[in-house]
Amino acid sequence: MSQKPKVATTSMCGCFGCHMSLLDIDERILKLVELVEFDKSPINDIKRFTGRCAVGLIEGGCCNDENVHVLQDFREHCDVLVTVGECARTGGVPVLRNLVPLAECLEEAYLRGPTVHNPGQVIPNDPDIPLLLDRVYPCHEVVKIDYFLPGCPPSADTLWAALLALLGNRPLELPYGLVKYD
Ligand code: SF4
């Protein structure tokens, strides 16, 4: 059985750009595979946690009830929980919908929008579809977050430095050059 620490990742209300940035570590990904075992993650398509994880990386904020469930699941299974990127830290671009009541958002998307063709005038409400929350929430408003990596997305170097520090049980103190908010 592997003794390597486990890392889990997820993408919630985001664009997968933060996961792309993780893959941008290029050849260091071979080193990463030596250092860790990936648990639940879209990188390996493992859907459920298989055990305790040292680090959980969260991309995206919470826009629906499934996101809340996933985030709570990560908090329960991960020793250290890290938000990756602005969507997870602040809600990001999706938070713009918070300016408009949810009912109006749905009506614009499914009933009144200029490109909408919806003869039945039905707003999708199948129970299998995750229920939209009243607004988009940053992750720390739903569960305790241990560290925040800002940026849209954080650079590959930032993610690499953060992972090495956390896996080495060191405090996450990144040099100024690796902390960007754009
Ligand atoms: S922070 Fe930027 S790159 Fe990351 S999920 Fe949000 S929009 Fe995409």
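Bear in mind the structure is a predicted one, so any value in this text is a computation, not a measurement.

Rules used in this analysis
- Residues numbered from 1 in each chain as written.
- Predicted model: local features only at pLDDT ≥ 70, side-chain atom pairs only at ≥ 80, totals over all residues.
- Heavy atoms only, no water.
- Near = heavy atom within 4 Å.
- Helix = DSSP H or I, 4+ residues; strand = E, 2+ residues; numbered from the N terminus.
- Nonpolar A, V, L, I, M, F, W, Y, C, P; charged D, E, K, R; others polar.
- Expected span 1.5 Å × (residues − 1).
- Buried < 20%, exposed > 50% of the residue type's maximum accessible area, 1.4 Å probe, protein only.
- Arc of directions from axis to C-beta.
- Contact = heavy atoms within 4.5 Å.

## Focus: the site of the ligand
Surrounding the ligand, one finds Gly14, Cys15, Gly17, Cys18, Glu59, Gly85, Glu86, Cys87, Gly151, Cys152 and Pro153. At the level of secondary structure, the elements contributing two or more residues to the shell around the ligand comprise helix H1 (17-23) and helix H4 (86-90). Looking at the shell around the ligand residue by residue, the classes come out as 5 nonpolar, 4 polar and 2 charged.

## What about helix H3 (residues 65-77)?
The terminal C-alpha atoms of H3 lie 19 Å apart, and with 13 residues this matches the ideal 18 Å at 1.5 Å per residue to within 8%. Taken as a whole, H3 has its buried residues at Asn67, Val68, Val70, Leu71 and Phe74. Mapping the buried residues of H3 onto a view down its axis gives an arc of 165°, with all of them on the same face. Residues of H3 that are exposed and point more than 90 degrees away from the buried face comprise His69 and Glu76. In the core, the buried residues of H3 are packed alongside strand E1 (6-11), strand E3 (53-59), strand E4 (62-64), strand E5 (78-84) and strand E6 (132-137).

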